[in-house]
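Observations on the three-dimensional arrangement
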Amino acid sequence: MKKIQNILAILFAFFCIFVWLITSVQIAAYGDFDFYKREYEKYEVLSELDMEMEDVMFVTTEMMDYLIGKRETLEMYTHVDGAYQDFFNTQDRLHMEDVKHLFLSGLALRRGAFLLAILFLACIFWIKGDVQKILARGYLAGLGITMLGVIILGIWVLLDFNQIFTIFHEILFTNDLWLFDPATDYMIRMLPEGFFADMAIRIGGIFILGLLLLCGVSIWSIKRGNKKN
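Let me begin by describing the structure that accompanies this report. (Residues numbered from 1 in each chain as written. Predicted model: local features only at pLDDT ≥ 70, side-chain atom pairs only at ≥ 80, totals over all residues. Heavy atoms only, no water.)

For the rest of this paragraph, the subject is the overall build of the chain. Helix and strand counts for the chain stand at nine helices and two strands. In sequence order, the chain lays out its α and β elements as α-α-α-α-β-β-α-α-α-α-α. With respect to the three principal axes, the spread of C-alpha positions in the chain is 75 × 35 × 30 Å. Burial statistics for the chain: of 229 residues in total, 41% are counted as buried. Put simply, of all contacts in the chain between residues at least 6 apart along the chain, 76% involve residues at least 24 apart. (Helix = DSSP H or I, 4+ residues; strand = E, 2+ residues; numbered from the N terminus. Buried < 20%, exposed > 50% of the residue type's maximum accessible area, 1.4 Å probe, protein only. Contact = heavy atoms within 4.5 Å.)

Turning our eyes to something else, we now look at the pairing of strand β2 (residues 83-86). Here strand β1 (residues 77-80) runs beside β2; their pairing, made up of four bridges, is antiparallel. Across the sheet, H79 pairs through a bridge with Y84, a residue of β2. (Pairing = 2+ DSSP bridges.)

The subject of this paragraph is the environment of V25. With respect to the helices and strands, V25 occurs in helix α1 (residues 2-30). Sequence separation of V25 and A200 is 175 residues, and the distance between their C-alpha atoms is 8.8 Å.

One non-glycine residue with positive phi stands out, namely E44, at about 50°. Positive phi, normally seen in glycine, also occurs at D81, with a value near 55°. Position of D81 relative to the elements: it lies in the loop between β1 and β2. Relative accessible area serves as the criterion here: at 40%, D81 is assigned to the partly exposed category.

For the rest of this paragraph, the subject is the packing of α1 against helix α6 (residues 131-159). Two elements in contact, α1 and α6, have axes separated by 7 Å at closest approach and are oriented at 55°. One finds that α1 runs oblique with respect to α6. Considering the relative orientation of α1 and α6, their crossing is right-handed. Contacts between α1 and α6 involve Q5, N6, A9, I10, F12, A13, F14 and I17 from the former and V131, I134, L135, G138, Y139, A141, G142, L143, I145 and T146 from the latter. Here the residues of the contact of α1 with α6 sort into 13 nonpolar, five polar and no charged. (Axes fitted to C-alpha atoms, helices over the stretch in contact; angles between N-to-C directions. Parallel < 35°, antiparallel > 145°, perpendicular 65-115°, else oblique. Left-handed = near helix turned anticlockwise from the far one by under 90°. Nonpolar A, V, L, I, M, F, W, Y, C, P; charged D, E, K, R; others polar.)

With 29 residues, α6 extends 42 Å between its outermost C-alpha atoms, agreeing within 8% with the 42 Å of an ideal straight helix rising 1.5 Å per residue. Listed in full, the buried residues belonging to α6 are V131, K133, I134, L135, A136, G138, Y139, G142, L143, T146, M147 and V157. (Expected span 1.5 Å × (residues − 1).)

This part covers the layout of surface pockets. Reported here for the second largest pocket is a volume of approximately 190 Å³. Lining the second largest pocket we find F12, A13, C16, Q132, L135, A136, Y139, L214, V217, S218 and S221. Of all the secondary structure elements, the ones that give two or more residues to the lining of the second largest pocket are α1, α6 and α9 (193-228). For the lining of the second largest pocket, a count of residues per class yields eight nonpolar, three polar and no charged. (1 Å grid on protein atoms, 1.4 Å probe; cavity = no way out; pocket = protein on both sides within 12 Å on 5 of 7 lines; lining within 4 Å. Points joined across faces, edges and corners; volume = space filled by probe spheres on them.)

Counting through the fold element by element, D55 comes out in helix α4 (residues 53-67). Of the side chains with opposite charge, K37 comes closest to the buried, unpaired D55, at an N-O distance of 12 Å. With near-sequence residues (within four places) excluded, D55 lies in contact with T78 and H79. (Lys, Arg positive; Asp, Glu negative; His and termini not counted. Salt bridge = Lys/Arg side-chain N within 4 Å of Asp/Glu carboxyl O.)

A separate point is the pattern of salt bridges. For the structure shown, the criterion picks out four salt bridges. K42 is paired through a salt bridge with D198; the nearest N and O atoms lie 2.9 Å apart. One end of the pair, K42, is in helix α2 (residues 34-42); the other, D198, is in helix α9, with 156 residues separating them in the sequence. The shortest N-O distance in the salt bridge between E62 and R71 comes to 2.5 Å.

Next comes the structure, spelled out in structure tokens:
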């Protein structure tokens, strides 16, 4: 029964880590819109679009509302490139519809993972034993495997972000709508590849920080349990 409990603890840890991963993406994307302002200034987006920061941020906030399901359509008229016009074209809308579906699917998977984590946790308590210590060890085991993947992915991102960016899109999308032309597509001018590289680092930082905090709690729990014994 102890082995079963340990396996359940590791599975519980993996589902918790997945929940935190999706949460890290949401925090990075929605937690601080000043990040977008800094990125637009860094990559000189305003001059590329011939727009004011207020207008770019209007498009950004409305676009992000669309991705999370708070807005039905992606039609936004603003001052861009010397004219008052719709910022998004047909390709933008089709691709962002795919992105919206992907993002909402991630949130749905997070809810499912959370429920499974609760189920595994209930099973661990039902079997009984030193639950605190078992959960801590299970998390450390899951963390070790996760961090190995994070390190490999992190090195890959630093060495060749363009390659991993391309592979990411080829895996997640069944069409080539994500291939934009800066000459005709305002969205790619607003969100250059460097922006996505910085966002990936931002997500990774939030994700790793949360994992390390839980790691510290787990180590403390194990040491506390050993002292009691």
